[in-house]
Amino acid sequence: MTAAFSSPSQSARRMRHSRRSIAPWLYIAPAALTFLVWIYWPLFDALWLSFHQWNMLPRAPVKFVGWSNYANIFALPKFWQALRNTGIYVIGLLPLAVIVPLAVAIYTNDLSGRFRNVYRAIIFVPMIIAPVVAASVWRWVLDPDYGVLNGLLKSAGIAPIQFLTDPDIAIWAIVFITGWKLIGFSTLILSAANANINPALVEAARMDGASRWEIIRDIRLPLLSSTILFLVMITTLLGAQWSFSYIVVLTQGGPLGSTTNIFHILWDFGFSSMSVGWSSAAAIILFLGFGVLAFSLMRLADRYSFHDN
Amino acid sequence: MLRRNLLTGFSSLFAAGVLMTAAAHAQTAAPTIDKPVTITFYNYNLAAAGLGADATVKLISEFMAANPNVKVEGVAVPGLDMASRLQSDMAADRVPDVAQVIFDGLAFVADNLGAVALEDIVPKQELDDHFSGMIPAGIRLGQLDGKTYALAYTFSTPVLFYNADLFRKAGLNPDEPPRTWEQVKAAAVAIHDKTGAQGFNGALAGGGAAGFDWALQGVLRSNGGGALSKDRKTITFGEPAAVQAISMLRDLHDAGVYENMPSDAMVETMKSGQLGMLLNTSAQQNALIKGAAGKFELRAAQMPGFGDKPSAPTNSGSGLVIFSQDPLKQRAAWELMKFLTSKRGYTVITSEIGYLPLRTDIVDDPQYLGPWVKEHPMVRPNLAQLQRLQPWVAYPGQSYRQIAKIFLDATEAAVFGKGDVTETMKAAQEQAQSLMTN
Amino acid sequence: MTTNIAMPMTRVAPVRSRPHPVLRAPFGHGVMIILSLICLLPVYWMIVSSLRPANALLDGAFWPSTITLENYSYALRAIPIGSMLVNTVIVSVAVTAFQLLTGLLAAYAFVRYRFAFDKLIYALMAVTWLTPLQVVMIPNYLLVARLGMLDSLTALILPHFASALAVMLFTQSMRTFPKEVLEAARMDGAGGWRILWEVIVPNLQGMIASLTILIFISTWNEYFWPLLLSRTPANSVIQIGIQMFMTAEGTEWGPLMAASTMASLPILIFYVLLQRQVVQSFMKSGIR
């Protein structure tokens, strides 16, 4: 799956070489035009506008302001906090987005058909629920005064936990909710990969007297490594985006900026108000930042991924 | 870059159009509506099911029935997005004829979006006639530099809701609610110590403010401070009077009776009976009454002040703004605005949505709000403080939203954080000031 | 976690073929049941809360003592749920169909042909996956407005005409397609177009099914773009209807939960009916 990111030329299965033809261009045209019009055009626009000040009104003047839009963003006291939190989100999400699904995928693979299907079906359910709805319901469940979870804690004699209003805990609550929504997706992808492992390999190892754990460690995990790497990669790249809806609905970045991340803070100061300078600079920062990150991850993946074919 | 060229192309066309219309019509709306006209009305109550959509539709259709020549096309726009939606639609050359604008965007729509001042289109006599009977403080809310850009429409003030049962349990007298912030603190501590419930919360700082500084500005004003100087040139939320007011909130937090909580969470905590006092918009009243029904006795008091000084409640809410340059549409829009802010209009708005009537003479009039107010006495503290109403000040310039955010972020850090209040507010003041020129 | 779950399985026994009796692995099942409960609890809570009367909303009781449908009748009166659901179905079906189609075509070009800048173009397409919609939302809004498509379903569909995910996953799975089969088809004189539809597509069913599910769900739940475009409730999608119960002046929880339940129900039923196929299609899709 990591290969999905890398360029197509690596495939040796090309059937027609260098035949000058208009055909490929026709095939890619619909997708290419869509991306050009709806993503790249606005991005180039944003690049130009990020050095200007303008209120978008046709009759208003467009004023060149140099780097000041960028300076305003970097001067936000919360900016660096948001950057740090982005790292916490990514690291915090990995167990829920990768490790738990991996365990579930491997475990359920060996269950009888009925159990396997029931568990996997249930785990997929959170994916179906709209993020805004999921966030609202979780806030209810986690409330310190009337939430179910704290109700259970209270009956067990534990003091209620301020899941969403304690600056030290809130970010983990959001990480958990984001991860909760993701488990199903990751589990399915890992289950698919796991089910596609050649049974003969496992059987052979078993004949050699390998224990269950040894089979997992020496056969399954290495063969799943490219899928795992793919999940790690998309979690790193998209984790900040995935948590966005929950931050907006549950904490608005608070308390004390403890749950804001780079994506949310740029939304808060840029896109949510139509200040063209702020939002264009924010757009460029996000695009370049994640672009560079994606590029380095791709290089890493190419170097370390284990291919079974 | 093609798009930019397109835009500049548009711009010259648009600018020419605006100049021509402005020059041609000597600044006055048509005297009558003698032919059919359609106006668009951007309204945020239409986007809020249960909080005004039905009542707004009802008012609009009543208006159209009375003015058969006018067709009003209501466009639902969420309140938070109103100013930006207006801006983007104007950028796309779709100018609405009249819109419901939240007061924090007033300066922006007047300075940047070409809001039309009523004085420029409506004869003075007619304007005075309509204003008579309306609360003067309310009229002033929509004025900038002596001109009325927004006709105050739906609004509310901060009210101190309190749980009378918790007051009794804590040994307090619910008939004498706190009038000053010191009394709020004493009551909150008593409630917290004796009942275990939370003491106080409000739509002031941190998550509770929900992105708006209207109530917080009221607290600063109550102490003689403010967020912006009178000439709208200098940010003042780092000055001593403001810092002192914010330190009072910090003191409540340090006393363990004021926690940082998202705004909807604190309303629900209040509803669940776990919060003693809640300073929040009067628009919450209906929801709170419903939630408290059968569980505890909910009461309301005026916004607390500092010492002997009377409190300075600010308004949250919106005014109606005309954007149309067409005389006939201006007239139609003005007639709509007059109807919506008439005695009949406010009767529906107050009784069915929950905002305050800007015409106090209808409150005891049996033809209008009389019967409703008898059944809903909780609206009284709100009406009483209407006379002291202070405008929610809008920051000038394009970064007005960012300035408000910086103010709110700093207040959150000052009240609920560990740092020094004065330093935090001073630094934020400087940063916000640097955005004023933009 | 891995070790914990793996532990009860450390026994020498046939690995794949024989079913597990529940009793043999009580620990593993225990963990799975807890995980399942965590996954289901909020959904249960949503449905139960939608049935509670207004003053019992915050009780926190697991099973409501009184059940009422008043939230539903209120929600149905307040927003045009019927037309919103129809709109959402139209948008979701159209977006899914278009993304599958444009993805298939583009992937086919990348796998089958070599052309100028193909690597670069592929990379540029893949990178769009990282571009959050919010970044390009405002310029796109202006474009839509200028095209006169505000308040139309077309504007909800057009920017989602193609997706990087579809292009990438189709490219990936087509690349694993046996070369011999394609060569044989070509020998038989099948043109590029016919090979795509008659040879490749029938063999990509698993991937197509999985992508259909992923795209459909994410379009159904899409929120920010419709929010920007929505002008009249009757021309909006269901997520906007849900949003209408959450305002700056407060949230109406009961009706919100009722509307959310109604919004999730079609997709939930769809899923319950098809869950086996859903899971199977992921297995077959070769996503890995």
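Residues numbered from 1 in each chain as written. Chains lettered and ligands numbered in written order. Predicted model: local features only at pLDDT ≥ 70, side-chain atom pairs only at ≥ 80, totals over all residues.

## Considering the overall build of chain A
For step 1, the next point in the chain: Check the secondary structure of chain A and you find twelve helices and two strands.
For step 2, the next point in the chain: N-terminal to C-terminal, the α/β element order of chain A is α-β-β-α-α-α-α-α-α-α-α-α-α-α.
For step 3, the next point in the chain: If one aligns the C-alpha atoms of chain A with their principal axes, the spans along those axes are about 75 × 75 × 30 Å.
For step 4, the next point in the chain: Here chain A holds 309 residues, and the buried ones make up 53% of them.
For step 5, the next point in the chain: When contacts within chain A are restricted to residue pairs at least 6 apart in sequence, long-range pairs at least 24 apart make up 71% of them. (Helix = DSSP H or I, 4+ residues; strand = E, 2+ residues; numbered from the N terminus. Buried ≥ 20, exposed ≤ 12 C-beta atoms within 10 Å, placed from the backbone. Contact = placed C-beta atoms within 7 Å.)

## As for the overall build of chain C
For step 1, the next point in the chain: For chain C, the count of helices and strands is 14 helices and two strands.
For step 2, the next point in the chain: In chain C, which comprises 288 residues, the proportion classed as buried is 47%.
For step 3, the next point in the chain: Of the contacts made within chain C by residues no fewer than 6 positions apart, 73% connect residues no fewer than 24 positions apart.

## Here's the deal with the sheet that holds strand β6 (residues 151–156) of chain B
All names here are of chain B.
For step 1, the next point in the chain: If you walk across this open sheet you meet the five strands as β2-β1-β3-β11-β6, and the pairing is mixed. Two strands bound the open sheet, and with one partner strand each, they are β2 (70–76) and β6. Neighbour-to-neighbour, the strand axes of the sheet open up by a mean angle of 20 degrees, direction not taken into account.
For step 2, the next point in the chain: The pairing of strand β1 (residues 37–43) with β2 spans seven bridges and is classified as parallel. Of the residues in β2, the one forming a bridge with Y42 is V75.
For step 3, the next point in the chain: Packing against the sheet, helix α3 (residues 82–91) makes contact with β1 and β3 (98–102), and its axis sits at approximately 140 degrees to β3. (Pairing = 2+ DSSP bridges. Axes fitted to C-alpha atoms, helices over the stretch in contact; angles between N-to-C directions.)

## Some points on the confidence of the model for chain C
Residue and element names in this part refer to chain C.
For step 1, the next point in the chain: Averaged over all residues, the pLDDT of chain C is 80; the fraction at 70 or higher stands at 84%.
For step 2, the next point in the chain: The lowest-confidence element of chain C is helix α1 (residues 2–6), averaging 33 in pLDDT; the highest-confidence one is helix α4 (residues 81–112), averaging 93.
For step 3, the next point in the chain: Note on the complex model: pTM 0.81, ipTM 0.81. (pLDDT = per-residue confidence, 0-100.)

## What to know about the nonpolar core
For step 1, the next point in the chain: Counting 316 residues, the largest nonpolar core has V98, V109, V321, L336 and F407 of chain B together with A259 of chain C as its most contacted members.
For step 2, the next point in the chain: Here this core gets 15 residues from one element, more than from any other, and that element is helix α7 (residues 170–195) of chain A.
For step 3, the next point in the chain: Residue contacts for V109 of chain B: discarding those within four places in its chain leaves A83, L86, V101, A115 and V321 of chain B. (Core = buried A, V, L, I, M, F, W, Y, C linked by C-beta atoms within 7 Å.)

## A look at the interface of chain A and chain B
For step 1, the next point in the chain: Taken together, the contact pairs 29 residues of chain A with 40 residues of chain B.
For step 2, the next point in the chain: At the level of elements, α1 (23–49) and α11 (262–271) of chain A are the ones that each hand at least two residues to the side of chain A that touches chain B.
For step 3, the next point in the chain: At four residues, the largest contribution of residues to the side of chain A that touches chain B is made by α1 of chain A.

## Some remarks on the environment of L220 of chain B
Residue and element names in this part refer to chain B.
For step 1, the next point in the chain: When you line up the elements, L220 lands in helix α10 (residues 214–222).
For step 2, the next point in the chain: When the C-alpha positions of L220 and A245 are compared, they lie 5.7 Å apart, and in sequence the two are 25 residues distant.
For step 3, the next point in the chain: For L220, the residues in contact, after removing those within four places along its chain, are G225, G226, A227, F237, A242 and A245.

## Some words on the domain arrangement of chain C
Residue and element names in this part refer to chain C.
For step 1, the next point in the chain: Considered domain by domain, chain C is made up of domain 1 (26–68) and domain 2 (74–285).
For step 2, the next point in the chain: On a C-alpha basis, the centres of domain 1 and domain 2 stand 31 Å from each other.
For step 3, the next point in the chain: Of the residues lining the interface, seven residues belong to domain 1; the matching set on domain 2 comes to six residues.
For step 4, the next point in the chain: In the side of domain 1 that touches domain 2, the residues fall into four nonpolar, two polar and one charged. (Domains from an automatic or database assignment. Nonpolar A, V, L, I, M, F, W, Y, C, P; charged D, E, K, R; others polar.)

## A short note on the interface of chain C and chain A
For step 1, the next point in the chain: Contacts between the two partners involve 88 residues from chain C, matched on the other side by 92 residues from chain A.
For step 2, the next point in the chain: No other element matches the 13 residues that helix α14 (residues 253–285) of chain C contributes to the side of chain C that touches chain A.
For step 3, the next point in the chain: Residues belonging to the side of chain C that touches chain A are distributed by class as follows: 57 nonpolar, 22 polar and nine charged.

## Thoughts on the sheet that holds strand β10 (residues 298–301) of chain B
Residue and element names in this part refer to chain B.
For step 1, the next point in the chain: Strand order in the open sheet made by the four strands is β8-β9-β7-β10, with mixed pairing throughout. Only two strands of the sheet have a single neighbouring strand rather than two, namely β8 (198–202) and β10. Direction aside, neighbouring strands of the sheet carry axes that sit 20 degrees apart on average.
For step 2, the next point in the chain: Relative to β10, strand β7 (residues 158–163) runs antiparallel, the two sharing four bridges. Bridge pairing links L160 to A301 in β10.

## Brief notes about the pairing of β7 of chain B
Residues and elements named next belong to chain B.
For step 1, the next point in the chain: Where burial is concerned, most of β7 is hidden: six out of the six residues are buried.
For step 2, the next point in the chain: Pairing geometry for β7 and strand β9 (residues 275–281), over five bridges, is antiparallel. When the bridges of β9 are listed, Y162 appears paired with M277.

## Topic: the packing of helix α5 (residues 131–142) of chain A against helix α10 (residues 244–251) of chain A
Any two packed helices are characterised by the angle at which their axes cross and by the distance between the axes.
Residues and elements named next belong to chain A.
For step 1, the next point in the chain: Where α5 contacts α10, the two axes come as close as 9 Å, and the packing angle between them is 45 degrees. Relative to α10, the element α5 lies oblique. The crossing of α5 and α10 is right-handed. On α10, the residues touching P131, V132, A135, S136 and R139 of α5 are S245, Y246, V249 and L250.
For step 2, the next point in the chain: Looking at the contact of α5 with α10, its residues break down into six nonpolar, two polar and one charged. (Parallel < 35°, antiparallel > 145°, perpendicular 65-115°, else oblique. Left-handed = near helix turned anticlockwise from the far one by under 90°.)

## Here's the deal with the packing of helix α3 (residues 77–109) of chain A against α7 of chain A
All names here are of chain A.
For step 1, the next point in the chain: Two elements in contact, α3 and α7, have axes whose closest approach is 7 Å; the angle formed by their N-to-C orientations is 40 degrees. The angle between the axes of α3 and α7 places the two elements in the oblique class. In this structure, the crossing between α3 and α7 has a hand that is right-handed.
For step 2, the next point in the chain: The residue inventory of the contact of α3 with α7, partitioned by class, reads 19 nonpolar, ten polar and no charged.

## Observations concerning the pairing of β6 of chain B
All names here are of chain B.
For step 1, the next point in the chain: Across the six residues that make up β6, a large majority, six, are buried.
For step 2, the next point in the chain: The pairing of β6 with strand β11 (residues 316–322) spans four bridges and is antiparallel. In the strand pairing of β11, L151 is matched with L320.

## So, the environment of L196 of chain C
Residue and element names in this part refer to chain C.
For step 1, the next point in the chain: Residue position: L196 is located in helix α10 (residues 192–200).
For step 2, the next point in the chain: Here the alpha-carbon distance between L196 and L158, two residues 38 residues apart in the chain, equals 25 Å.
For step 3, the next point in the chain: When sequence neighbours within four positions are dropped, the list of residues in contact with L196 reads Y108 and V201.

## Things to note about the confidence of the model for chain A
Residues and elements named next belong to chain A.
For step 1, the next point in the chain: Of all residues in chain A, 91% have pLDDT values of 70 or greater, and the mean over the chain is 82.
For step 2, the next point in the chain: Here α11 stands out as the element of chain A with the lowest mean pLDDT, 81, in contrast to α1, whose mean of 92 is the highest.
For step 3, the next point in the chain: In the predicted structure, residues 6–18 sits below a pLDDT of 50 and forms 25 contacts with residues beyond four places in sequence or in another chain.

## A closer look at α3 of chain A
For step 1, the next point in the chain: Between its terminal C-alpha atoms α3 of chain A stretches 49 Å, which fits the 48 Å expected from 33 residues at 1.5 Å a residue.
For step 2, the next point in the chain: Its axis deflected by about 35 degrees at L93 of chain A, α3 of chain A carries its strongest bend there, up to four residues before the proline P95 of chain A. (Expected span 1.5 Å × (residues − 1). Bend = angle between axes of the 7 residues up to and from the residue.)

## Observations regarding the environment of V348 of chain B
For step 1, the next point in the chain: Take V348 of chain B: it is sitting in helix α15 (residues 343–353).
For step 2, the next point in the chain: On the basis of neighbour count, V348 of chain B is assigned to the buried category, with 20 C-beta atoms found within 10 Å.

## Some thoughts on α10 of chain A
Residues and elements named next belong to chain A.
For step 1, the next point in the chain: Most of α10 is tucked away, with seven of its eight residues classed as buried.
For step 2, the next point in the chain: Buried within α10 we find F244, S245, Y246, I247, V249, L250 and T251.
For step 3, the next point in the chain: If you follow the buried residues of α10, they end up packed against α5, α7, α9 (212–242) and α11.
For step 4, the next point in the chain: Just past α10, the residue Q252 takes up positive phi, approximately 50 degrees.

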